[in-house]
Protein chains: 2
Amino acid sequence: MRSGPGGGSRPASQQGMRQHNLALVMSTVAGHGPVSRAAVAGHTGLTRPAVSSLVDELLAAGLLTELGPAANGRVGRPGSALMVSDRGPAGLGLEVGVGHLGACVTDLRGQVRVWTVVESPNAALPPAEVLARLAALASEATAGAAGLGLRPVAAVMAVPGLVADASGTVGSAPNLGWHHVPVADLWPGPLPPRVENEANLGALAELSAHPVAADFIHVSAESGIGAALVVGGRLFTGARGLAGELGHMPVHPDGPPCSCGARGCLERYAAKAAVLRAAGLPPNPAAVTSSGERPGDGIALLAERARAGDARVGRALEEAGRALGTALAGAVNLLDPAAVVLGGAYAELGEWLVPPMRRELAARVTVREWDPGALTVSELGRRGPLLGAALATVRSVLEDPTAVWT
Amino acid sequence: MRSGPGGGSRPASQQGMRQHNLALVMSTVAGHGPVSRAAVAGHTGLTRPAVSSLVDELLAAGLLTELGPAANGRVGRPGSALMVSDRGPAGLGLEVGVGHLGACVTDLRGQVRVWTVVESPNAALPPAEVLARLAALASEATAGAAGLGLRPVAAVMAVPGLVADASGTVGSAPNLGWHHVPVADLWPGPLPPRVENEANLGALAELSAHPVAADFIHVSAESGIGAALVVGGRLFTGARGLAGELGHMPVHPDGPPCSCGARGCLERYAAKAAVLRAAGLPPNPAAVTSSGERPGDGIALLAERARAGDARVGRALEEAGRALGTALAGAVNLLDPAAVVLGGAYAELGEWLVPPMRRELAARVTVREWDPGALTVSELGRRGPLLGAALATVRSVLEDPTAVWT
């Protein structure tokens, strides 16, 4: 017999127990704060003396803070309200997009305290140059955070590509022209980032900032189409960390060739380039749209044309929505998620994509109940991956506060 | 911030710690036995006094057994070899197929000790009658097990359909004609079974008996086509326990109507009825094949005709294999499993299905490395679901030995 993970591979120990209970207190305060020690005991089932001892340790490490006497008027420590600290340990998020770089810092409450996004023609630059620019941006963000009393304890970088998990090497990011880029080795500054797929980080941001459910599929679409699978409130990344390649689900198996070598993949019908082509628009529209969006932003152009009633753009988006719905129907039948969230830049096209997506899902998810309202549009949109990159560190600290013991 | 499962929802306690360590010792002996107490300490990282205390408790509960002095010739308890007991607590597996009923008992070592399968026209009988027949079979199996000193502590029943998880109601098993059948309520005997999808149990048997990997997709095909997703050595069943509906992945979205109401689903191309139709054979072949298989066994007939070189059957299987490969390419891109296992009755058609499946997978899984050898054929085949039903209880006991404390 093979032993399941329930059997565990490490012995349970006093130290592991304390670490678990520190995390339990930390996440309870994060979820319910401001909250008294007595209320933490009530939520967790821990005794009040145990809570007091754990809280003292978290206060000393600067992870929790006290607001002073609680509103009931009684004074003294037992009644004073606890909150997660908005100073001290923080998360640094970084992002390499096709046309921009980003850096942000969030505190342990998950609030954005520093946010910088700059244009950068990353696909036309050598990876080392891109990383040098990003490291400079990271330094500025870290300096800004220091002024707010915040100290990033780890950095996570979002990339639009497949990431080899353990080494932090970007295996393939075709839209950047990156293949086997060892980010940590090339990183010219302090705090080399852990690299993660942007769709996964977008889902993490959704989960943290706007929790829709513990089990959902987050579709992140623009140049490429990725999906992140959230299972039991955690990212599911597959055997090698490469799960979520929705873009290469076969939609019409005998359809036109895709850049991946296969035929009729979802990206061939629904990625930005395919929609622009079907709409009769150039692949990188050079004209600034009248609403002042930046040049080259095909998504903003599609939204503007669709809003103005351009029939060809409307048909192109309808077709993309159908293809997205077909691919997602397969994913929903396979994974049984509670919800599907459309995120990334395509959140801005939700008005036109969601109706055909819902129709396809309703027609094809029939062996179980499927509520059309279970498909929603992310409120974070393009901000998701960078925010998620910073929040990844915040989650780590909440789940193991001892990792930042100084 | 939402708290992740890592934060946990229950406090760690001394009792939970002991339960964890009992499971750790139990699964270590299961995986390495016969094994001495000293070796268990070495494998687990627990101290030898702790191991001795835990082992004493497991011996007293009849979950472990001692083989006497170890081969090194020294006598006394510390050197004597431990094994999981082949008497006492056991798992009872039950199965309702379209044309058969099954019952089996395995001991805690995972060995089959009682195995009975009888023909029964279940789709033509009321569910209560089917369950009455199965309960009678279960009683016989339990009596047989008692004669071997085995006592089933729980029963699990395999059904070819979707199971609503908590209540044990079979939501829908179209090939049986079952809709909302409350199995536990209708069960006329002792030990009412927990109900589980047959594909999931087939995967569990594969995981226990022939572990291929901790992360794999197990395809179970015959009348219906289901998949079970094994992640980190455990079944992944989705938000409502309904994951794995590979049969209704769209293969050709504008293809012929499927019984589910959608168009061009995998089952329309690759389920037994579709293959028989494409091969020009009747849907329920009445003729006994020359090899003596039982009437109505379309799979055996297809295998015999294919082996004899029937070109039309060969083309039908080729087409089914292509459709299976297309649907699985989507699943592999989405889930990043380490392996795909073809199980259930279709394991008997592996010789003809696997080559086109491998070709489709190779052509369509291109954004990551994919080894054609990662698609294998189950050695358990049709035996999988019934075996898995019994092993499900064995796994539960190994993961929480205190559940059977008497």
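Note that the coordinates shown come from a computational prediction; the quantities given were computed from them, not determined experimentally. (Residues numbered from 1 in each chain as written. Chains lettered and ligands numbered in written order. Predicted model: local features only at pLDDT ≥ 70, side-chain atom pairs only at ≥ 80, totals over all residues. Heavy atoms only, no water.)

Before going further, it helps to examine the overall build of chain A. A tally of helices and strands in chain A yields 12 helices and 15 strands. For chain A, the proportion of its 406 residues judged to be buried stands at 54%. Restricting the contact set of chain A to residue pairs at least 6 apart, pairs at least 24 apart contribute 62%. For chain A, the accessible surface area stands at approximately 15,400 Å², while carbon and sulfur atoms represent 53% of it. (Helix = DSSP H or I, 4+ residues; strand = E, 2+ residues; numbered from the N terminus. Buried < 20%, exposed > 50% of the residue type's maximum accessible area, 1.4 Å probe, protein only. Contact = heavy atoms within 4.5 Å. Areas by Shrake-Rupley, 256 points an atom, 1.4 Å probe, with all protein chains shown as cover.)

Once that is clear, we can look at the pairing of strand β6 (residues 150-159) of chain A. Residues and elements named next belong to chain A. Burial of β6 is extensive: 7 of the 10 residues sit out of reach of the surface. Bridge analysis of strand β3 (residues 88-96) against β6 gives 8 bridges, and the strand direction is parallel. Bridge assignment links G88 to a residue of β6, and that residue is L150. In terms of strand pairing, β6 meets strand β10 (residues 194-197) through 4 bridges, oriented parallel. Of the residues in β10, the one forming a bridge with V159 is N197. (Pairing = 2+ DSSP bridges.)

Residues and elements named next belong to chain B. Orientation of helix α6 (residues 198-209) relative to helix α12 (residues 384-399), taken along the N-to-C sense of each, is 70 degrees, at an axis distance of 7 Å. The pairing of α6 with α12 is recorded here as roughly perpendicular in orientation. In this structure, α6 meets α12 at a crossing whose hand is left-handed. Facing E198, L201, G202, L204, A205, L207 and S208 of α6, the residues of α12 in contact are G384, P385, L387, G388, A389, L391, A392 and R395. Among the residues making up the contact of α6 with α12, the classes are represented as 9 nonpolar, 4 polar and 2 charged. (Axes fitted to C-alpha atoms, helices over the stretch in contact; angles between N-to-C directions. Parallel < 35°, antiparallel > 145°, perpendicular 65-115°, else oblique. Left-handed = near helix turned anticlockwise from the far one by under 90°. Nonpolar A, V, L, I, M, F, W, Y, C, P; charged D, E, K, R; others polar.)

On to the sheet that holds strand β4 (residues 100-107) of chain B. Residue and element names in this part refer to chain B. Pairing is mixed in the open sheet, where 5 strands are placed in the order β5-β4-β3-β6-β10. The sheet is open, and its two borders are formed by β5 (112-119) and β10 (194-197), each paired with just one other strand. With direction set aside, neighbouring strand axes in the sheet form an average angle of 20 degrees. Those strands touched by helix α4 (residues 127-147) are β3 (88-96), β4, β5 and β6 (150-159), and its axis lies near 30 degrees from that of β4. Along the sheet face, α6 touches β3, β6 and β10 and points at about 85 degrees away from the line of β10.

A complete count under the given rule lists 28 salt bridges over all chains for this structure. For A:E129, the salt bridge is made with A:R133, and the minimal N-O distance between the two is 3.1 Å. Of the two residues, A:E129 and A:R133 are both situated in helix α4 (residues 127-147); the distance of 4 residues between them amounts to about one turn of the helix. Note that A:E348 and A:R382 form a salt bridge whose closest N and O atoms lie 2.7 Å from each other. Placement of the pair is A:E348 in the loop between β14 (339-343) and α11 (350-364) and A:R382 in the loop between β15 (375-377) and α12 (384-399), with a sequence separation of 34 residues. Taken together, the shared-partner salt bridges connect A:D254, B:R322, B:E360 and B:R364 into one network. (Salt bridge = Lys/Arg side-chain N within 4 Å of Asp/Glu carboxyl O.)

Bringing the interface of chain A and chain B into the picture now. On the side of chain B, 85 residues touch chain A, which itself brings 84 residues to the contact. Together, the buried faces of chain A and chain B total about 6,500 Å²; carbon and sulfur atoms form 60% of this surface. Here chain A and chain B share 2 salt bridges between them. Put simply, A:R322 and B:D254 hold a salt bridge, and the shortest N to O gap is 3.7 Å. Across the chain A-chain B interface, the total number found is 14 residue pairs in polar contact (both at pLDDT 80 or more). The element contributing the most residues to the side of chain A that touches chain B is helix α1 (residues 14-32) of chain A, with 9 residues. Its residues assigned to classes, the side of chain A that touches chain B shows 39 nonpolar, 29 polar and 16 charged. (Buried area = accessible area lost by both parts, 1.4 Å probe. Polar contact = N/O pair within 3.5 Å; in protein donor to acceptor, adjacent residues only side chain to side chain.)

Moving on, we come to the environment of B:L101. Residue and element names in this part refer to chain B. Its place among the elements puts L101 in strand β4. Take L101: its relative accessible area is 2%, and that puts it in the buried class. In this structure, the C-alpha to C-alpha distance between L101 and V117, residues 16 residues apart in sequence, is 5.7 Å. Once you skip the residues sitting within four places of it in the chain, L101 turns out to touch E95, V96, T116, V117, V118, S120, N122, V130, R133, L134 and L137.

Everything listed is a geometric property; what it means functionally is a separate question.
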